[in-house]
Each structure stands twice: as C-alpha cells, then as structure tokens.
Amino acid sequence: NAGVIQTPRHKVTGKGQEATLWCEPISGHSAVFWYRQTIVQGLEFLTYFRNQAPIDDSGMPKERFSAQMPNQSHSTLKIQSTQPQDSAVYLCASSRGTGGARAEQFFGPGTRLTVL
Amino acid sequence: QQQVRQSPQSLTVWEGETTILNCSYEDSTFDYFPWYRQFPGKSPALLIAISLVSNKKEDGRFTIFFNKREKKLSLHITDSQPGDSATYFCAASLSSGSWQLIFGSGTQLTVMP
C-alpha cells in the first residue's frame, strides 16, 4: 500500500499562472479531502468528495479554485491566476467510506506551492 | 473565528515528564475529536480520538480527557520521549454532517533528552 500519492511535491509558479495539483487516494478509499496548510492559517479544509461526487466545498476560495474527481483513482485541485497568498502546502487525504466522519483520514505528503 | 483552540502554542518538557496539551471548542454539535500528530517535514497522522460518549480514551502513553460541560479536552503524554517531539493538532467533526475536520492551530512539542 503506497499511501496517498500527491504530485508534484513542489511547484513554483509566477503570479497569474495556473497550478494543477494531483492526488491519488489509497485504493478502496471512497472519500478524498483537500486541505491547505500555512504557518499563519494552519490546517484549513478546502473540499471533499465521496464516491467521486463533490460533497462539501465550503472551504474553497470561490473565484480561482476548483477541484474535480474524474475517477476513483485521482483528484485534481486547480488554482487559476495564482497569487502569492496561495503559497502553501496543499494536502490531500483519503478515508474509507465506512465510519463516515469518524473514519481515519490518511494524508499524502503534500504539494508545496510557491507563487513568486 | 476559531472554532477549535489549542494551548499552549509551543511547549518544551524534559524526557520522562508528563506533557499536557489543551484543546477547546465552540460548536456544541461537534461530537468527534481526533488528535493528529505531525513530525517535521511529514504529514499529519492520526494519533488518538475520542467521541462525545466518552470522558477518557487511553492508548499506551497517550490519554485524552474530555470535559463535555466545559467543551474542553486535554491530551496527556506520560513518560514523554524525544521521539514525541512534533506538532499536535486537535480536530473536531460532526458525525452527522460534513466529514471535514476542523483543526486547531496546533501545539509544537519539544522533548529534551
């Protein structure tokens, strides 16, 4: 079991460019979560999918952020027109469907996004 | 508005001491409280969790004490070891609602040998 896989591990973009982050959940896990971690804001929830369907995107900045899960083996987080304040470590996590909100979330290694 | 608060922000203890990390929450509808541990350069991983029906949860050297009336939790680490040095996050979720975890700001623990 390789755990949650995230690519790339590091990404540097210029202000105004687009960034796409990839996540491959643990096989058999039906829920996929995206979080953002910064020193100032800590760990913030962005969005999550259950059985590929978007369930809660209440943490997503509405205008430039979007997330998709086209199949059960990967999810993407896209940030358009990146801004310096988007610089953060973006963490993907997955969990089994059984247990609901109480199921352990397994975090990937994260993608460190730096916007110059 | 922080829904989950942690204190202290950082803490240094000596090897062998008992560490106490504090957490409080605002929303009385939260009913599940996992603690995640994050080592430097690594991702958070579940350490121990407690639900609203329990007052105490123990796992080896780690114990959660839960005061529901005051909406406060504490994580006790007995016989603290240098390998326990990490950032500890208290989180909260609502079993019947969104599966998102709401994290506190974390406590950075350093255990000196």
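Refer to the preceding data block for the structure.
Here the structure is a predicted model, which means the values were calculated and not measured. (Residues numbered from 1 in each chain as written. Chains lettered and ligands numbered in written order. Predicted model: local features only at pLDDT ≥ 70, side-chain atom pairs only at ≥ 80, totals over all residues. Heavy atoms only, no water.)

Topic: the overall build of chain B
Okay, step 1: From N to C terminus, chain B includes 0 helices and 11 strands.
Okay, step 2: Counting helices and strands in the order they occur from the N terminus, chain B gives β-β-β-β-β-β-β-β-β-β-β.
Okay, step 3: Rg of the C-alpha trace for chain B: 13 Å, near the compact-globule value of 13 Å for 113 residues, within the 12% margin.
Okay, step 4: Here the C-alpha coordinates of chain B stretch approximately 45 × 30 × 20 Å along the principal axes.
Okay, step 5: Long-range pairs, those at least 24 residues apart, make up 53% of the contacts in chain B with a sequence separation of at least 6.
Okay, step 6: As displayed, chain B offers around 5,500 Å² of accessible surface, 48% of which is attributable to carbon and sulfur atoms.
Okay, step 7: For chain B, the distance from the average position of its 10 positive side-chain charges to the average position of its 10 negative side-chain charges is 4 Å. (Helix = DSSP H or I, 4+ residues; strand = E, 2+ residues; numbered from the N terminus. Rg over C-alpha atoms; globule rule 2.2 N^0.38 Å. Contact = heavy atoms within 4.5 Å. Areas by Shrake-Rupley, 256 points an atom, 1.4 Å probe, with all protein chains shown as cover. Lys, Arg positive; Asp, Glu negative; His and termini not counted. Charge placed at Lys NZ, Arg CZ, Asp CG, Glu CD.)

As for unusual backbone geometry
Okay, step 1: With an omega dihedral of -10 degrees, the bond running from Thr7(A) to Pro8(A) counts as a cis peptide bond.
Okay, step 2: Locating Pro8(A) in the fold gives a position in the loop between strand 1 (5-7) and strand 2 (10-13).
Okay, step 3: Even without glycine at this site, Asp79(B) takes up a positive phi of about 50 degrees.
Okay, step 4: Structurally, Asp79(B) is set in the loop between strand 8 (72-77) and strand 9 (86-92).

Regarding the pattern of salt bridges
Residues and elements named next belong to chain B.
Okay, step 1: Tallied over the entire structure, the rule returns 9 salt bridges over all chains.
Okay, step 2: Close ionic contact of Asp-84 with Arg-61 constitutes a salt bridge, the shortest N to O distance being 2.9 Å. Of the two residues, Asp-84 sits in the loop between strand 8 and strand 9 while Arg-61 sits in the loop between strand 6 (56-59) and strand 7 (62-67), which places them 23 residues apart along the sequence.
Okay, step 3: One salt bridge connects Glu-70 with Lys-72, and the closest N-O pair in it is separated by 3.7 Å.
Okay, step 4: Under the relative-accessibility criterion, Glu-70 is labelled partly exposed at 37%.
Okay, step 5: For Lys-72, a relative accessible area of 44% puts it in the partly exposed group.
Okay, step 6: The network of salt bridges with shared partners includes Arg-69, Glu-70 and Lys-72. (Salt bridge = Lys/Arg side-chain N within 4 Å of Asp/Glu carboxyl O. Buried < 20%, exposed > 50% of the residue type's maximum accessible area, 1.4 Å probe, protein only.)

Considerations on the packing of aromatic side chains
For any pair of aromatic rings, geometry is given as the distance between the ring centres together with the angle between the planes.
Okay, step 1: As enumerated under the stated definition, the model contains 16 aromatic pairs over all chains in all.
Okay, step 2: Seen from their ring centres, Tyr35(A) and Phe45(A) are 5.8 Å apart, and the 70 degrees between their planes marks the pair as edge-to-face. Highlighted residues: Tyr35(A) in strand 4 (residues 31-38) and Phe45(A) in strand 5 (residues 42-50), separated in sequence by 10 residues.
Okay, step 3: Look at Phe107(A) and Phe103(B): their rings are 6.4 Å apart centre to centre, the planes differ by 65 degrees, and that puts the pair in the edge-to-face class. Taken as a pair, Phe107(A) in strand 10 (residues 106-107) and Phe103(B) in strand 10 (residues 102-103) lie in two separate chains rather than in one. Take Phe107(A) and Phe103(B): they sit in the same class, and that class is buried.
Okay, step 4: These aromatic residues form a ring-pair network of at least three members: Phe33(A), Tyr35(A), Phe45(A), Tyr48(A), Phe107(A), Tyr36(B), Phe89(B), Trp99(B) and Phe103(B).
Okay, step 5: One residue, Arg50(A), lies across the ring of Trp99(B), its end atom 4.0 Å from the ring centre.
Okay, step 6: Taking the ring centre of Phe66(B) as reference, the NZ or CZ of Lys68(B) above it sits at 5.4 Å. (Phe/Tyr/Trp six-rings, centres within 6.5 Å; stacked < 30°, edge-to-face > 60°. Lys NZ or Arg CZ within 6 Å of the ring centre and 35° of its normal.)

Focus: the state of the cysteines
Okay, step 1: On inspection of all chains with the given rule, the structure shows 2 disulfides over all chains.
Okay, step 2: Paired by a disulfide, Cys23(A) and Cys92(A) hold their sulfur atoms 1.9 Å apart. When the S-S torsion is -65 degrees, as for the bridge of Cys23(A) with Cys92(A), the disulfide is left-handed. Remark: Cys92(A) occurs in strand 9 (residues 88-95) and Cys23(A) occurs in strand 3 (residues 19-24); sequence separation between them is 69 residues. For the pair shown, Cys23(A) and Cys92(A) are each scored as buried.
Okay, step 3: Put simply, Cys23(B) and Cys90(B) are joined by a disulfide, and their sulfur atoms are 2.0 Å apart. Here the disulfide of Cys23(B) and Cys90(B) is left-handed, its torsion about the S-S bond being about -65 degrees. Note that Cys23(B) is positioned in strand 3 (residues 19-25) and Cys90(B) in strand 9, a separation of 67 residues in sequence. (Disulfide = S-S within 2.5 Å.)

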